[in-house]
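Per-entry structural report
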Amino acid sequence: MAVRLLFNNPGTEPWTLAGAALVDSAGEQVGLARWPLASIPANGAGAVVVGIEGARAQLGCPCTLKLWEAQGPRTFTLENVTFPEGKAKGP
């Protein structure tokens, strides 16, 4: 499971994704794989991709998605994240 996020960076410095995690309602944290497409330029826009590698974690959602940058204190937090139930459909 992965998600692509589009960002606007109103800051004066580029923003580079360094880490990502999901924190569930019980405080359990799952680290996420991350694929920064490129640094998000100052006063510009860009995208990052984050996801859970392997089997889907059992999280008590809603969750909080946290992303942080490589050089500096700027973080992105998105609360009340939920995921649809993944049910395989028959032929």
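Described below are features of the structure shown in this document. (Residues numbered from 1 in each chain as written. Predicted model: local features only at pLDDT ≥ 70, side-chain atom pairs only at ≥ 80, totals over all residues. Heavy atoms only, no water.)

Within the chain, the regular secondary structure consists of zero helices and seven strands. Sequence-ordered secondary structure for the chain, helices as α and strands as β, is β-β-β-β-β-β-β. Looking at the chain as a whole, 32% of its 91 residues are labelled buried. Within the chain, contacts between residues separated by at least 24 positions form 61% of all contacts whose residues are at least 6 apart in sequence. (Helix = DSSP H or I, 4+ residues; strand = E, 2+ residues; numbered from the N terminus. Buried < 20%, exposed > 50% of the residue type's maximum accessible area, 1.4 Å probe, protein only. Contact = heavy atoms within 4.5 Å.)

Counted according to the given criterion, the structure contains two aromatic pairs. Ring geometry for phenylalanine 7 versus phenylalanine 76: centroids 4.8 Å apart, planes at 80°, classification edge-to-face. Here phenylalanine 76 lies in strand β7 (residues 75–81) and phenylalanine 7 lies in strand β1 (residues 2–9), a separation of 69 residues in the sequence. Ring pairing ties together the aromatic residues Phe7, Trp15 and Phe76, which thus form one cluster. (Phe/Tyr/Trp six-rings, centres within 6.5 Å; stacked < 30°, edge-to-face > 60°.)

Quick look at unusual backbone geometry now. Residue asparagine 43 is not a glycine yet carries a positive backbone phi of 55°. Positive phi outside glycine occurs at asparagine 80, with the angle close to 60°. Structurally, asparagine 80 is set in strand β7.

Here five bridges tie strand β6 (residues 63–69) to β7, and the two strands are oriented antiparallel to one another. Each residue of the ladder has a partner; that of tryptophan 68, found in β7, is threonine 75. (Pairing = 2+ DSSP bridges.)

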